[in-house]
Amino acid sequence: MNLAPLIDDTIQMVDLTGQYQRIKPEIDAAIQDCIDQAIFIKGGKVTQFENQLAQYLDIEQVISCGNGTDAIQLAFMALGLKPGDEVIVPAFTYAAAAEVIALLGLVPVLVDVDPLTFNMTAASVEGAITPKTRAVVPVHLFGQCADMENILNLCSSRELYIIEDNAQSLGAQYTFKAGKVVSAGGLGHLGITSFFPSKNLGCFGDGGAVYTNHPALGARVRMIANHGQEVKYRHDVIGINSRLDTIQAVILLEKLKFLNSYINARQQAASWYDAAFQDVAEIEIPGRTSYSTHVFHQYTLKVPAHQRDGLKAFLQQRNIPSMVYYPISLARQKAYQGVSRVVGDLNVTEELCQQVLSLPMHTELKPLQLEFITDSVRTFFEMAR
Ligand SMILES: *Cc1c(COP(=O)(O)O)cnc(C)c1O
């Protein structure tokens, strides 16, 4: 039976329109206020957003900027590393961190990831350290923290900087063995996030932030983001221009109020998926850990490599979108050949590139939609048996 006609609206990977409709009056009024006051750059609302996000994360300083990639660049510029210094990044992730590292003349060192969490591990980092290693970038992929306690211990004993790429896991919580709970992004020297529209806290364009509990690093990031000036027209270091627009800040101020409910909606959709797939032998549902909550930026299945593309096509026939994050490891990307150093055979990473499929995940998924998606996935495997 084709269930599609029962669904009142099309299923999307991310439903930004539905989310906006729920808070349209507040958002519209906030944007109109910016226009009426003609305050578009900086101003009190940007500072207010930085302070409220700092409070939400329980992190000392938040420095907003133009996008998440700029945030990574600002973080690295603040550390003042030298060309040729090595930075360890996971091979299974979005290219932004490796890109900025290479642009700054540093060497991205690509390591394998954990098959359960898709994140780098302390062991993978340890095997990649050389006398040139200066920093490590744990990417908290798809909404869940890397195993930070072990990574922190390793990095502190080897005197390495940690920059957390938290673009996908804003709002995730990390619990140490002793019970202490810290927000993702607040564990290393610097954390970064992105407010790209489809991220868990998205604005209506580009936006990003760096955060830190180290005041001196925070001050440096702020200075570099503002053309290297602390005092107007006095340039102490070479900086860049990277700002969060005021209109984006007022949108984020409204949406931050709902971040916990957004996370909750994503977790509920994930629970639905989990329950529907637990007895499907071909499917491995996203692994969970004892140390991190999962805020489900993506809900990513592992399926047999030879069936992955068939499943994607089958779903597409039923107008169900799905995405492969990520189809090509950083080690196999043309741009990074010869620029990066690859550690080991990256078996897990290369296997994941063939096995992963992310299903629709957002705050507006309705039970009928979830049912149609999960029934369709189950039907695909039943037909294939
Ligand atoms: C989205 C994303 C970024 C970059 O954010 P932009 O705001 O698009 O520059 C960096 N790292 C990861 C893991 C991301 O998902």
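Residues numbered from 1 in each chain as written. Predicted model: local features only at pLDDT ≥ 70, side-chain atom pairs only at ≥ 80, totals over all residues. Heavy atoms only, no water.

A. Broad picture of unusual backbone geometry. Put simply, Y325 and Y326 share a cis peptide bond, and its omega is 5°. Mapped onto the elements of the fold, Y326 is located in the loop between α11 (305–317) and β13 (341–342). Of note in the backbone geometry, K42 takes a positive phi value of approximately 55° without being a glycine. Residue K42 is classed as partly exposed on the basis of its relative accessible area of 41%. The backbone phi angle of F142 is positive, close to 65°, even though this residue is not glycine. (Helix = DSSP H or I, 4+ residues; strand = E, 2+ residues; numbered from the N terminus. Buried < 20%, exposed > 50% of the residue type's maximum accessible area, 1.4 Å probe, protein only.)

B. Layout of the pattern of salt bridges. Tallying each qualifying case throughout the model produces 14 salt bridges. In this structure, the salt-bridge partner of E254 is K257, at a minimum N-O distance of 2.9 Å. What makes E254 buried here is its relative accessible area of 15%. Measuring nitrogen to oxygen at the nearest pair gives 2.8 Å for the salt bridge that ties R378 to D279. With a gap of 99 residues between them, R378 in helix α13 (residues 367–384) and D279 in the loop between α10 (259–277) and β12 (299–302) connect regions that are remote in the sequence. (Salt bridge = Lys/Arg side-chain N within 4 Å of Asp/Glu carboxyl O.)

C. Representation of the nonpolar core in the model. Core analysis: the biggest nonpolar cluster contains 74 residues, and F76 and F92 have the highest contact counts within it. When we break this core down by domain, the ones giving at least three residues each are domain 1 (22–256) and domain 2 (258–384). Counting residues in hydrophobic clusters, the runner-up holds 47 residues, among them I129, L154, L160 and A184. (Core = buried A, V, L, I, M, F, W, Y, C linked by side-chain atoms within 4.5 Å. Domains from an automatic or database assignment.)

D. The packing of aromatic side chains, seen in detail. In total, this model carries 17 aromatic pairs according to the counting rule given. A centroid spacing of 6.0 Å and a plane angle of 5° characterise the contact between Y273 and F277, whose relative ring orientation is stacked. Placement of both Y273 and F277 in helix α10 is noted, with a separation of four residues, approximately one turn of the helix. The burial state of Y273 is the same as that of F277; both residues are buried. An aromatic cluster is present here, built from F92, Y94, F118, F142, Y325 and Y326 joined pairwise through their rings. (Phe/Tyr/Trp six-rings, centres within 6.5 Å; stacked < 30°, edge-to-face > 60°.)

E. Just the packing of α10 against α13, in detail. Where α10 contacts α13, the axes come no closer than 10 Å and their chain directions differ by 30°. Remark: the crossing between α10 and α13 carries right-handed chirality. For the pair formed by α10 and α13, the contact residues are A269, W272, Y273, A276 and F277 on the first element and P367, L370, E371, I373, T374, V377 and R378 on the second. Classifying every residue of the contact of α10 with α13 gives nine nonpolar, one polar and two charged. (Axes fitted to C-alpha atoms, helices over the stretch in contact; angles between N-to-C directions. Left-handed = near helix turned anticlockwise from the far one by under 90°. Contact = heavy atoms within 4.5 Å. Nonpolar A, V, L, I, M, F, W, Y, C, P; charged D, E, K, R; others polar.)

F. The arrangement of the UniProt feature "modified residue: N6-(pyridoxal phosphate)lysine" (unreviewed entry) in the protein chain in detail. As annotated in UniProt, the feature "modified residue: N6-(pyridoxal phosphate)lysine" (unreviewed entry) corresponds to K199 in the numbering used here. With respect to the helices, strands and loops of the structure, K199 is situated in the loop between β8 (190–194) and β9 (208–212). What makes K199 buried here is its relative accessible area of 17%. Beyond its immediate chain neighbours, meaning those up to four positions away, K199 contacts A167, S194, R266 and H297. (UniProt positions renumbered as here; feature names shortened; annotations may be inferred.)

G. Here's a closer look at the environment of F195. Its place among the elements puts F195 in the loop between β8 and β9. Judged by its relative accessible area of 0%, F195 is buried. If near-sequence neighbours (up to four positions away) are discounted, F195 is found in contact with F49, L53, L170, L201, G202, C203, G205, G207, G208, A209, L244 and L252.

H. Summary view of the environment of L365. Secondary-structure assignment places L365 in the loop between β14 (356–359) and α13. For L365, a relative accessible area of 13% puts it in the buried group. A C-alpha to C-alpha distance of 8.1 Å links L365 and I11, two positions 354 residues apart in sequence. Ignoring sequence-local partners within four residues, the contact set of L365 consists of A269, Y273, P360, L370 and I373.

I. Looking closely at the site of the ligand. Taken together, N67, G68, T69, Y94, A96, V139, D165, A167, Q168, S194 and K199 make up all the residues around the ligand. Note that an oxygen atom of the ligand is positioned 2.7 Å from one of the backbone N or O atoms of G68. Between the ligand and S194 there is a distance of 2.7 Å, counted from an oxygen atom to a side-chain nitrogen or oxygen. Contact with the protein chains hides 91% of the accessible area of the ligand, taken as 380 Å² for the molecule alone. Judged by the fraction of its atoms near the pocket grid, the ligand is located in the largest pocket. (Near = heavy atom within 4 Å. Polar contact = N/O pair within 3.5 Å; in protein donor to acceptor, adjacent residues only side chain to side chain. Areas by Shrake-Rupley, 256 points an atom, 1.4 Å probe, with all protein chains shown as cover. 1 Å grid on protein atoms, 1.4 Å probe; cavity = no way out; pocket = protein on both sides within 12 Å on 5 of 7 lines; lining within 4 Å. Sits in = over half its atoms within 2 Å of the grid points.)

J. Broad picture of the pairing of β8. The element β8 is largely enclosed, with a buried count of five among its five residues. The alternating pattern of β8 places L190, I192 and S194 and G191 and T193 on opposite faces, both of which are buried. Where strand β5 (residues 161–165) lies against β8, three bridges are found, and the strand directions are parallel. Within β8, the position partnered with I163 by the bridge is L190. (Pairing = 2+ DSSP bridges.)

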